[in-house]
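Descriptive analysis of the structure
Spelled out from the first residue to the last, the chains are:
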Amino acid sequence: METAVALSKCEQYDKEQIKTLLQQHFHSLDLEPEFFSGKYVVLKPNLLSRREPEKAVTTHPAVVLAVIELLISYGARVTVAESPAGLYTENALREAYKASGFMEEAKKAGAEFNYDVTSRDVPAPNGVACKGFHIITPICEADIVLNLCKLKTHSLTKMTNGVKNLFGTVPGGEKVEMHARFSNSGVFAQMLLDLCETICAAKPVITVCDAILAMEGEGPGTGTPRKLNALLTSKSPYALDLACCQLIGFGNTVEMIELEKKRGLCPANPGELNIIGTPLEELAVRDFKEPKSQKLPTLIKLIPSFLKPRPVINREVCVGCGQCKRSCPANTITMEKNKAFIHKKNCIRCFCCQELCPYKAVDIKRSFIFEKIMK
Ligand code: SF4
Ligand code: SF4
């Protein structure tokens, strides 16, 4: 089991400084230039939706560019590939890359961008929840995957980082179907681990985490940016996620990480991680805000689902763009008078609508009885 995680204090998005730190990380993890030289490296950033870098929704351009320039200087052929929410078409990819804030500079540095919208069937015979995936072609063809994630809270999985970032290797709209198929948060987490294990079994997956400016509260799309000043790298997305979980003080409360421990993918005790560089305690925080949907003590999770937090549309803020409707796996959002409307009966509380609304128009509502029980 890989337990090494390189961690550095990094207080600003200075590309040259980040490049120097990543060089040190790679060296400390035995990822010397020869490892990358002549290889086809596919870089998978988090480009969830079109947002400015200071909103902390997407991997910061300075981090992406630092990785690209470093890998190209090592002699790698680098392609950026992402499958953002919504349609997986050449036009949608062009828009996502254009909005990323790093496209022009990355091209100048010699990186390519993926426009191939095909995918391949990849079996996962040992999968616990899922026995096979469609995975976008560039990830299947890569010699090495550079998993470039952003540390954020998540309304369904509580935290999104290295493992969850690889969900973006499933083509566009199929992600919506998978939310419907694996609607329970525990089963969804098992599916994410099946996917991550499938990719990691096929090729090296190096995970770099941008936690310089993380996101707390109502992540992954509408939370609050939170300075953490941390940059991490690992050959294991599981070890890296476990380290990040400790960094934000979530302890043993993230279901997906507890499942990773049970599968033997990361140490059961975070003390067994081999943190190289800055001690974790130096950057750890204790007041990182959870998403409202997750602040549920175990007993409260037993109450009927109709009493649990659910998404509601703020009609004052909704602009009727329809993004939530297109992303709803339960197909339970309609547009009425150019505003989104959630038919709550069929809602499976996956919070995709909240995650993907670009205008922060989806709130999480807790019922009066629920609030009383919580008190
Ligand atoms: S709730 Fe958000 S995503 Fe849905 S239509 Fe309104 S603005 Fe668009
Ligand atoms: S309304 Fe929102 S939370 Fe409910 S199923 Fe649709 S996307 Fe998921």
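Structure: above.
Bear in mind the structure is a predicted one, so any value in this text is a computation, not a measurement. (Residues numbered from 1 in each chain as written. Chains lettered and ligands numbered in written order. Predicted model: local features only at pLDDT ≥ 70, side-chain atom pairs only at ≥ 80, totals over all residues. Heavy atoms only, no water.)

What follows deals with the state of the cysteines. Throughout the structure, instances matching the rule amount to zero disulfides. Between Cys 352, a free cysteine, and Cys 350, which holds the nearest cysteine sulfur, the sulfur-to-sulfur gap is 3.5 Å. (Disulfide = S-S within 2.5 Å.)

Together, Val 317, Val 319 and Tyr 359 make up an exposed nonpolar region whose accessible area comes to about 240 Å². Along the polypeptide, Val 319 turns up in the loop between strand E12 (310–313) and helix H13 (323–327). (Patch = residues over 30% accessible without salt bridge, like charges linked within 9 Å, V, L, I, M, F, W, Y side chains within 5 Å. Areas by Shrake-Rupley, 256 points an atom, 1.4 Å probe, with all protein chains shown as cover. Salt bridge = Lys/Arg side-chain N within 4 Å of Asp/Glu carboxyl O. Helix = DSSP H or I, 4+ residues; strand = E, 2+ residues; numbered from the N terminus.)

A few words now on the packing of aromatic side chains. Taken as a whole and assessed by the stated rule, the structure comprises nine aromatic pairs. An aromatic cluster is defined as three or more aromatic residues linked by ring pairs; in this entry it consists of Phe 26, Phe 35, Phe 36 and Tyr 74. Against the face of Phe 35 rests Lys 39, its NZ or CZ located 5.6 Å from the ring centre. Its end group placed over the ring of Tyr 40, Arg 77 keeps NZ or CZ at 4.0 Å from the ring centre. (Phe/Tyr/Trp six-rings, centres within 6.5 Å; stacked < 30°, edge-to-face > 60°. Lys NZ or Arg CZ within 6 Å of the ring centre and 35° of its normal.)

Once that is clear, we can look at the site of ligand 2. Around ligand 2, 14 residues are found, and the nearest of them are Cys 328, Cys 347, Cys 350, Phe 351 and Cys 353. Split by residue class, the shell around ligand 2 holds twelve nonpolar, one polar and one charged. (Near = heavy atom within 4 Å. Nonpolar A, V, L, I, M, F, W, Y, C, P; charged D, E, K, R; others polar.)

With that settled, the discussion passes to helix H8 (residues 174–181). Within the span of H8, buried status applies to Lys 175, Val 176, Met 178 and His 179. With its buried residues spanning 160° around the axis, H8 presents them on a single face. For H8, the exposed residues set more than 90 degrees away from the buried face come down to Glu 177 and Arg 181. (Buried < 20%, exposed > 50% of the residue type's maximum accessible area, 1.4 Å probe, protein only. Arc of directions from axis to C-beta.)

Mapping Lys 164 onto the fold places it in helix H7 (residues 162–165). Taking the C-alpha atoms as reference, Lys 164 lies 11 Å from Gln 190; in sequence the two are 26 residues apart.

Taken together, 15 residues are adjacent to ligand 1, and Cys 318, Cys 321, Gly 322, Cys 324 and Cys 357 come closest. Along the lines of polarity and charge, the residues of the shell around ligand 1 split into twelve nonpolar, three polar and no charged.

Take the pattern of salt bridges next. Taken as a whole and judged by the stated rule, the model has 17 salt bridges. Across the pair Glu 105 and Lys 15 runs a salt bridge, and its minimum N-O distance is 3.0 Å. Placement of Glu 105 in helix H5 (residues 103–109) and of Lys 15 in helix H1 (residues 15–28) is noted, with a sequence separation of 90 residues between them. Glu 105 sits in the partly exposed class, given a relative accessible area of 38%. One salt bridge in this structure joins Glu 258 and Lys 261, with 3.0 Å as the shortest N-O distance. With a gap of three residues between them, Glu 258 and Lys 261 both fall in helix H11 (residues 255–262), about one helical turn apart. Via salt bridges that share partners, Lys 15, Glu 16, Lys 19, Glu 69 and Glu 105 belong to a single interconnected network.

What follows deals with the packing of helix H10 (residues 237–247) against H11. Between H10 and H11, whose axes approach to 10 Å, the crossing angle comes to 135°. When the axis of H10 is compared with that of H11, the two are oblique. Along this stretch, H10 crosses H11, giving a crossing that reads as left-handed. Between H10, through Tyr 238, Asp 241, Leu 242 and Cys 245, and H11, the contact on the second element is made entirely by Met 256, Ile 257, Glu 260 and Lys 261. (Axes fitted to C-alpha atoms, helices over the stretch in contact; angles between N-to-C directions. Parallel < 35°, antiparallel > 145°, perpendicular 65-115°, else oblique. Left-handed = near helix turned anticlockwise from the far one by under 90°. Contact = heavy atoms within 4.5 Å.)

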